[in-house]
Structure formats: C-alpha cells, structure tokens
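# Examination of the molecular architecture
Below are the chains, spelled out letter by letter.
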Amino acid sequence: MSFFEVMDPVFATYVLGNAPVKRLATGFDWTEGPVWFGDAGCLLFSDIPNNRIVRWNEEGVTTYRQPSNYANGHTRDRQGRLISCEHGTRRVTRTEWDGSITVIADSYQGKRLNSPNDVIVAPDDAIWFSDPHYGIMTDYEGSKAEQELPCTVYRVSPAGGIEAVITDMQAPNGLVFSPDGNRLYVADTGRMFSSDPQHIRVFDMVDGCPVNGRIFHVITSGCADGMRADSDGNLWSSAADGVHCIAPDGHLMGKILVPELVSNLCFGGHAKHRLFITATTSIYSVVLNRRGIQTP
Ligand code: MG
C-alpha cells in the first residue's frame, strides 16, 4: 500500500518513496497539539480526554504534565517557551523557563473564554488563538458549561492587550501564518453538522490585521483542524483520511494517508523535514523531501 496519494505531480517530489508513515505510539484517546522541541529532541502533544500532555522521544513516551487542564493546542514562542491552550481552565498559558505558569488570556470584555483550541505566534510576537466552544460542550475534553462569548479568533499583543480579530466564523480552529507573514489561514470546523463549513479561510495581513477573508479550500474528507506551512508556502492540513497538502493557490496537491482521523501536525526533526501527526489514539511521523516552518 502506498502511503501517499498524488494529485499534482509536484507533490510526488515532496515525498520519499521509501519513507514510511510510521506509528510512533498509541493507546491514547484523542491526541492533539503537537509541538516540536528540537533542543530537547522531543515532541509534546496533548491527550485531551486523559487530561495530560505527553512527551515523545526516540526512547518512548512519558507524561510531561498531568493534570494538563485538558490542554489542546500548543506552540512555542520566539524565546522557546511553551504556549498552551487549556479547555479546563478556559485560558491560554505560557510555561516559563522555571516551570511557572503565566496566564496569557482567560477572558474578553469581562466574560470567560470558551475553550481555547489552537495557538500561533505572529512575526511581531503577538499570540493568536482560536476560541471555539468544543471544550465546554461536554465533560469529555473539559467541563460542560454555558458559552459566554461567540467563537472568535483573538490576538494578544506583546504588551498583553487582547482584541477580537476574527468574529464571523462558526468555529475557528487550526490557524497558521504563511512563511512571509502576509497571509493567515484559519480552519472553520463549525458545529460538526454535515451542513457546516468544512473549509479553510485565508486572510490578507495588512498592517497586522486580517482582512479580505475568503474561502481558500474546501476539505473533502472530514474537516480541517490543525495546519502548518512549509517553506514554499504550501499548507499542510489535517483531514479525516490523513494530511492534505494544499498549494498557495488553493488546489489539493496530494495526501499523506493515515489510518486514523488526523487532528493536527507539526514539522520537526533536525531539518524540519519530519512531519509529526496526531491522529485519534496515536501519533505518527513521516520524513518528507520538504522543509516545514517550525513553530513559531
Ligand atoms: Mg484544533
């Protein structure tokens, strides 16, 4: 069986015929939020229903943090610190070098956030995160609670001010900047009804603001959740059947087939050429002939 599906011949040059999609670890319930720490040679990721952050390295998996406050998405800032979205505490936090936790955001205009889902750091060091309602819908990935705010993308400035920057999406989820910082992509996963959006929107970044939001690509297998970009500006998106590679003009170039529903991904490895994939009960990786934009 091939690990890849090629729609655009260019995609065939991105993959290696003899590099497998390899399952690195399994036995989790819902994996999410992979983030690569090259300096430590490890991957951190969330196992959300089990309320823990797991560390993987070539020797195996260990628990990094439990309870994790039902953490979901993670990234690193330019100082290398871990930035985390937490469903249980409905906040975004930073783990400082000494291990202490700093709250980046937990409310907007006096109301509690819903359940921050995914997070990125902008070229100006602002922290952008999505705040859909998934973590407060049930007690499975957090605690069931009333929604106080609409589903929104927020920006937290380096000085700490929070502003709502995207307010017209049903349920913003994964987000990523293009390598040049001129574009922002945001996945909309809606309310999980089949009639809901299954698309990725793209925004032009003008003076630090996302404008001209429009549909960039409609995912045809499930919906897009976590996403990353490579050094040429291609978008690598999670989907139900694997990871989809989408060109900057929006066309699907190819797929990495993964046997479980994919939630998120990140580039890592010594050359940023290894794609780590969180997929339902497992994590996978595949080495590509392509270099990713490592977080941030
Ligand atoms: Mg997500």
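Each value, and the rule that gives it
Residue positions within a chain follow its written sequence, with the count starting from 1. In keeping with the predicted nature of the model, local features appear solely for residues at pLDDT of at least 70, side-chain atom pairs appear and are counted solely at 80 or more, and the whole-chain, interface and lining totals rest on all residues. The side-chain numbers reported here are obtained from all heavy atoms of the structure, hydrogens and water having been left aside. Distances up to 2.8 Å from the metal define which N, O and S atoms are donors, and 3.2 Å serves for Na, K and Ca; water is absent from the atom set, so sites may look incomplete. Helix numbers and strand numbers start at the N terminus; a helix is a DSSP run of H or I with at least 4 residues, a strand a run of E with at least 2. Each residue's exposure class comes from its accessible area (1.4 Å probe, protein chains only) as a fraction of the maximum for that residue type: buried when under 20%, exposed when over 50%, partly exposed otherwise. Two rings belonging to Phe, Tyr or Trp (six-membered ring only in the last case) form a pair when the distance between their centres is within 6.5 Å. Interplanar angles under 30 degrees mark stacking, angles over 60 mark edge-to-face geometry, and anything in between is tilted. Residues belong to one nonpolar core when they are buried, are Ala, Val, Leu, Ile, Met, Phe, Trp, Tyr or Cys, and are joined through side-chain atoms within 4.5 Å. Residues are treated as being in contact if the distance between any of their heavy atoms lies within 4.5 Å. In this analysis, strands are considered paired if DSSP registers two or more bridges between them. Only the stretch in contact is used when fitting a helix axis, every axis being a line fitted to C-alpha atoms; angles between N-to-C directions are given from 0 to 180 degrees.

### Concerning the coordination of the magnesium ion
- All of the protein donors around the magnesium ion are Asn117 (OD1), Asn173 (OD1) and Asp225 (OD); their distances to the metal are 2.2 Å.
- Each donor residue of the magnesium ion lies on one chain, and together they are spaced N-x55-N-x51-D. A residue pair is termed long-range when its members are at least 10 positions apart, and Asn117 in the loop between strand E12 (111–112) and strand E13 (119–121) and Asp225 in the loop between strand E20 (209–218) and strand E21 (227–229) qualify at 108 residues.
- A relative accessible area of 4% places Asn117 in the buried class.

### Regarding the environment of Ser157
- Mapped onto the secondary structure, Ser157 falls in the loop between strand E15 (152–156) and strand E16 (162–166).
- For the pair Ser157 and Asp124, spaced 33 residues apart in sequence, the C-alpha to C-alpha distance is 8.5 Å.

### A closer look at the packing of aromatic side chains
- In the structure shown here, the tally under the stated rule is twelve aromatic pairs.
- Taking the centre distance of 5.0 Å and the plane angle of 15 degrees together, the rings of Trp36 and Phe276 count as stacked. Within this pair, whereas Trp36 is found in strand E3 (residues 31–37), its partner Phe276 is found in strand E26 (residues 274–279), the two being separated by 240 residues in sequence. Across the pair, exposure class does not vary: Trp36 and Phe276 are buried alike.
- Ring plane angle 90 degrees and centroid distance 6.1 Å describe the contact between Trp236 and Phe267, whose orientation is recorded as edge-to-face.

### Some thoughts on the nonpolar core
- Counting 21 residues, the largest nonpolar core has Phe11, Trp236, Ile256, Leu275 and Ile277 as the members making the most contacts within it.
- Mapped onto this core, the elements with two or more residues apiece are strand E23 (242–246), strand E24 (252–257), strand E25 (264–268), E26 and strand E27 (282–287).
- Examining the composition of this core, we find that three residues originate from one element, E26, more than from any other.
- Beyond its immediate stretch of four places on either side in the chain, Phe11 contacts Phe4, Glu5, Val6, Trp236, Cys245, Met253, Gly254, Lys255 and Ile256.

### What about the sheet that holds E26?
- Pairing within the open sheet is antiparallel, and its four strands lie in the order E2-E27-E26-E25. Bordering the open sheet on either side are strand E2 (22–26) and E25, each of which pairs with just one other strand. Along the sheet, successive strands turn relative to each other by an average axial angle of 25 degrees, direction set aside.
- As judged from the four bridges shared by E2 and E27, these two strands associate in the antiparallel manner. Each residue of the ladder has a partner; that of Arg23, found in E27, is Tyr284.

### A word on unusual backbone geometry
- For the bond running from Gln66 to Pro67, omega is 0 degrees, close enough to zero to count as cis.
- Tracing the backbone shows Pro67 in the loop between strand E6 (60–65) and strand E7 (71–76).
- Its identity is not glycine, yet Asp207 carries a phi of approximately 55 degrees, on the positive side.
- When you line up the elements, Asp207 lands in the loop between strand E19 (199–206) and E20.
- The phi dihedral of Asn212 falls on the positive side, at around 60 degrees, and the residue is not glycine.
- Among the structural elements, Asn212 can be located in strand E20.

### Quick notes on the side chain of Glu96
- Mapped onto the fold, Glu96 is located in the loop between strand E9 (91–95) and strand E10 (101–105).
- Those residues in contact with Glu96 that sit more than four places away from it in its chain are Arg81 and Thr102.

### Regarding the sheet that holds E3
- On the basis of which strands lie adjacent, the open sheet formed by four strands has the order E3-E4-E5-E6 and antiparallel pairing. Each edge of the open sheet carries a strand with a single partner, namely E3 and E6. Going across the sheet, the axis of each strand differs from the next one's by a mean of 30 degrees, ignoring polarity.
- Relative to strand E5 (residues 52–57), strand E4 (residues 42–47) runs antiparallel, the two sharing five bridges. Bridging across to E5, Leu44 finds its partner in Arg55.

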